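Structure assessment
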Amino acid sequence: MKIDAQHDFGTRECPGCACEVPANSNRCPICGYAFPARAGLQRGLPWIVAGLLALLLLPLLLSLAAR
Ligand SMILES: [Zn+2]
């Protein structure tokens, strides 16, 4: 079974040459523009972990402070 990646992921407009390029490619095949890595989740993940740690540690710190 052949999967057509271009149809699965759609296209997006290249900021460099305004051409439609496959959305799953990280470099424009026409002008060579390198798209920034999709780091939405990867950028947010450390903050989510930090937030969860803070939520876990905050009651502990408060209980220690109340002592
Ligand atoms: Zn381009």
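Since we're looking at a predicted model, the values are computed, not measured.

Another aspect to go through is the overall build of the chain. Within the chain, the regular secondary structure consists of two helices and two strands. Along its sequence from the N terminus, the chain presents helices and strands in the succession α-β-β-α. Taking all 67 residues of the chain together, 10% fall into the buried category. Across the chain, every contact between residues at least 6 apart in sequence was considered, and the portion connecting residues at least 24 apart equals 0%. Within the structure as shown, the chain displays about 5700 Å² of accessible surface, and the carbon and sulfur contribution to it stands at 66%.

Moving on: the coordination of the zinc ion. Angles at a metal have ideal values that depend on geometry: 109.5 degrees with four tetrahedral donors, 90 or 180 degrees with six octahedral donors. Looking at the metal site, the zinc ion is ligated by Cys 14 (SG), Cys 17 (SG), Cys 28 (SG) and Cys 31 (SG), spaced 2.2 to 2.3 Å from it. Bound by four donor atoms, the zinc ion shows angles of 104 to 115° at the metal and therefore tetrahedral coordination geometry. On the primary sequence, the residues serving as donors to the zinc ion are separated as C-x2-C-x10-C-x2-C. Taken together, the positions of Cys 14 in the loop between β1 (11-13) and β2 (20-22) and Cys 28 in the loop between β2 and α2 (40-66) put the pair 14 residues apart, joining distant regions of the chain.

Parameters and conventions
- Residues numbered from 1 in each chain as written.
- Predicted model: local features only at pLDDT ≥ 70, side-chain atom pairs only at ≥ 80, totals over all residues.
- Heavy atoms only, no water.
- Helix = DSSP H or I, 4+ residues; strand = E, 2+ residues; numbered from the N terminus.
- Buried < 20%, exposed > 50% of the residue type's maximum accessible area, 1.4 Å probe, protein only.
- Contact = heavy atoms within 4.5 Å.
- Areas by Shrake-Rupley, 256 points an atom, 1.4 Å probe, with all protein chains shown as cover.
- Donors = N, O, S within 2.8 Å, 3.2 Å for Na, K, Ca; no water.
- Tetrahedral: all angles 85-135°; square planar, octahedral: opposite > 155°, others 65-115°.

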